[in-house]
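Listed below are the residues making up each chain.
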Amino acid sequence: MASSTLDVDGRSLKVSNLDKVLYPDEGTTKFDVIHYVLSVAEPLLKQLADRPCTRKRWPDGVEKDPFFEKNVPRGTPDWVRTVEVATPGSSTGRDSLVFPIAEHRSDLVWLANLAALELHTPQWTVGPRGGVRDADRLVIDLDPGEPAGLEEAVAIGQLVRERLDADGWRTVPVTSGSKGLHLYASHGGETSPDALRDYARGIADELSGQHPDRVLSAMRRADRRGKVFLDWSQNVRAKTTVTPYSLRGRSRPWVAAPRTWDELEDPSSVRQVLLGEMGGRLERFGDPMTALDAD
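In this text, all values refer to a predicted model and were calculated from it rather than measured experimentally. Just so you know, the residues in each chain are numbered from 1, in the order the chain's sequence is written. Thresholds applied to this predicted model are a pLDDT of at least 70 for local features of residues and 80 or more for the giving and counting of side-chain atom pairs; totals over whole chains, interfaces and linings are not thresholded and use all residues. In computing side-chain values, all of the structure's heavy atoms are included and hydrogens and water are not.

1. Here we look at unusual backbone geometry
Most peptide bonds adopt trans geometry, and most residues besides glycine take a negative phi value.
In step 1: Residue P147 is bonded to the preceding E146 through a cis peptide linkage, with omega at 5 degrees.
In step 2: Along the chain, the position of P147 falls in the loop between β12 (138–144) and α4 (150–166).
In step 3: A positive phi angle is found at D50, which is not glycine, with a value near 65 degrees.
In step 4: Note on placement: D50 falls in the loop between α2 (41–48) and β5 (54–57).
In step 5: Its identity as a non-glycine residue notwithstanding, A115 has a phi of 60 degrees, on the positive side.
In step 6: We count a stretch as a helix when DSSP gives it H or I for four or more residues in a row; a strand needs E for two or more, and each element gets its number in order from the N terminus. Within the fold, A115 resides in the loop between α3 (105–113) and β9 (116–121).

2. Notes on the nonpolar core
In step 1: For this analysis, a nonpolar core means a set of buried residues of the types Ala, Val, Leu, Ile, Met, Phe, Trp, Tyr and Cys, connected via side-chain atoms within 4.5 Å. The buried label applies to any residue whose accessible area, calculated with a 1.4 Å probe on protein chains only, is under 20% of its type's maximum; exposed applies above 50%, and partly exposed to all values in between. Residues Y36, L108 and M278 are the most contacted members of the largest nonpolar core, which totals 45 residues.
In step 2: Among the secondary structure elements, those contributing two or more residues to this core are β2 (11–16), β3 (21–23), α1 (30–39), α2, α3, β9 and β13 (170–175).
In step 3: The leading source of residues in this core is α3, at 5 residues.
In step 4: F99, V126, L183 and L207 belong to the second-largest nonpolar core, a separate cluster that totals 33 residues.

3. Section: the packing of aromatic side chains
In step 1: When two rings of Phe, Tyr or Trp (its six-membered ring) have centres within 6.5 Å they constitute a pair, described as stacked for plane angles under 30 degrees, edge-to-face for angles over 60, and tilted for the intermediate range. With the rule as written, the count across this model stands at 1 aromatic pair.
In step 2: Judged by centre distance (5.5 Å) and plane angle (20 degrees), the ring pair of W169 and Y199 falls under stacked. Residue W169 is found in the loop between α4 and β13, and its partner Y199 is found in helix α5 (residues 193–210); the two are separated by 30 residues along the sequence.
In step 3: What makes W169 buried here is its relative accessible area of 10%.
In step 4: Take Y199: its relative accessible area is 22%, and that puts it in the partly exposed class.
In step 5: In this structure, R237 is placed above the aromatic ring of W124, and the distance from its NZ or CZ to the ring centre is 5.5 Å. Note on criteria: charge over ring means Lys NZ or Arg CZ within 6 Å of the ring centre, with the direction from the centre no more than 35 degrees off the ring normal.

4. Focus: the packing of α4 against α5
In step 1: Axes here refer to lines fitted to C-alpha atoms; in helices the fit is confined to the stretch in contact. Angles between the N-to-C directions go from 0 to 180 degrees. Two numbers describe how α4 lies on α5: the axes approach to 11 Å, and their chain directions differ by 125 degrees. If you check the angle between α4 and α5, you find them oblique. Between α4 and α5 the crossing geometry is right-handed. Contacts between α4 and α5 pair L159, V160, R163 and L164 from the former with Y199, I203, E206 and L207 from the latter. Roughly parallel means an angle under 35 degrees; roughly antiparallel, over 145; roughly perpendicular, 65 to 115; everything else is oblique. Handedness of each helix crossing follows the sense of rotation of the near helix against the far helix: counterclockwise by less than a right angle gives left-handed, clockwise gives right-handed. Here a residue-residue contact requires only that any non-hydrogen atoms of the pair lie within 4.5 Å.

5. Looking at the pattern of salt bridges
In step 1: Here, a salt bridge means any side-chain nitrogen of Lys or Arg that lies within 4 Å of a carboxyl oxygen of Asp or Glu. By the definition in use, this model includes 22 salt bridges.
In step 2: In this structure, the salt-bridge partner of E118 is R248, at a minimum N-O distance of 3.1 Å. Taken together, the residues span a long stretch of sequence, with E118 in strand β9 and R248 in the loop between β17 (241–242) and β18 (254–255) at a distance of 130 residues. Residues E118 and R248 agree in their burial class; the two are buried.
In step 3: In this structure, D194 engages R197 in a salt bridge whose closest nitrogen and oxygen atoms are separated by 3.6 Å. Here R197 and D194 lie together in helix α5, a separation of 3 residues that amounts to about one turn.
In step 4: Taking the relative accessible area as the measure of exposure, D194 reaches 42% and is therefore partly exposed.
In step 5: Owing to a relative accessible area of 25%, R197 belongs among the partly exposed residues under this scheme.

6. Some words on α4
In step 1: Here α4 contains 17 residues, and its C-alpha end-to-end distance of 24 Å stays within 8% of the 24 Å for a straight helix at 1.5 Å per residue.
In step 2: By the burial criterion, the buried members of α4 are L150, A153, V154, I156, G157, V160 and L164.
In step 3: Directly beyond the C-terminal end of α4, a positive phi value near 85 degrees is found at G168. A helix is expected to span 1.5 Å multiplied by its residue count minus one.

7. Focus on the side chain of T171
In step 1: With respect to the helices and strands, T171 occurs in strand β13.
In step 2: Residue T171 is classed as buried on the basis of its relative accessible area of 9%.
In step 3: Beyond its immediate stretch of four places on either side in the chain, T171 contacts R161, L164, D165, L183, Y184, A185, W261 and L292.

Shown next as structure tokens:
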């Protein structure tokens, strides 16, 4: 089963090295990754919809060095939707780049075949003709500094949720598949990324003032030990966050997994979610991200 041709929604895709182990600790192969993205295709595609996709690829598995890819690679199928986006100040020295936008299950298989384990997207979208819109959601990345961990991030996440609730935002927690927690919030409209950045920073500053021994709003890494950093900067137009339902390129196949708040009631019991657990979660909880949808 080293290579094959898959028919996905009427499109034939050549996939290769299906038996290549991408997560050695678990023995998870490229075939397993393709099976995963197909199993979560409906909610994952909803999160990717109309968002330029930056990929982080591990062609030789997670024990080897990855690389970020923004521009569409050579050999991109002609049926993959692309959009040219201005990238002033890009490290590539280019004023714009052409990003893929995943719309179909076949797109997910194409990306998985490239070992694009992590899919990163901005909080803004593009229109049918590629015009850049404002952000339709806010995100705050709760990043714990050792010895703080996920438990502390979840506890602080509950405080952030209360603060956002007071301003009329709907909020969904996502265990990041790495160290901490992401909070996505929506109020049903669009807002400029700069305004969202300033708003999120204000909340971070407020909570760090109220809980200086637990919360940090400044970006100084040296100050993060034992605290949870509220990264408000993820909302600026140039930044991306790992997409909910995306895999992570960690030692094990963890997922950026949307959660219900009931699950997070006891922070000490919360842990990251593995690839193999997501099917059961979707059956039990559905898609928690739908809580952000406008009424």
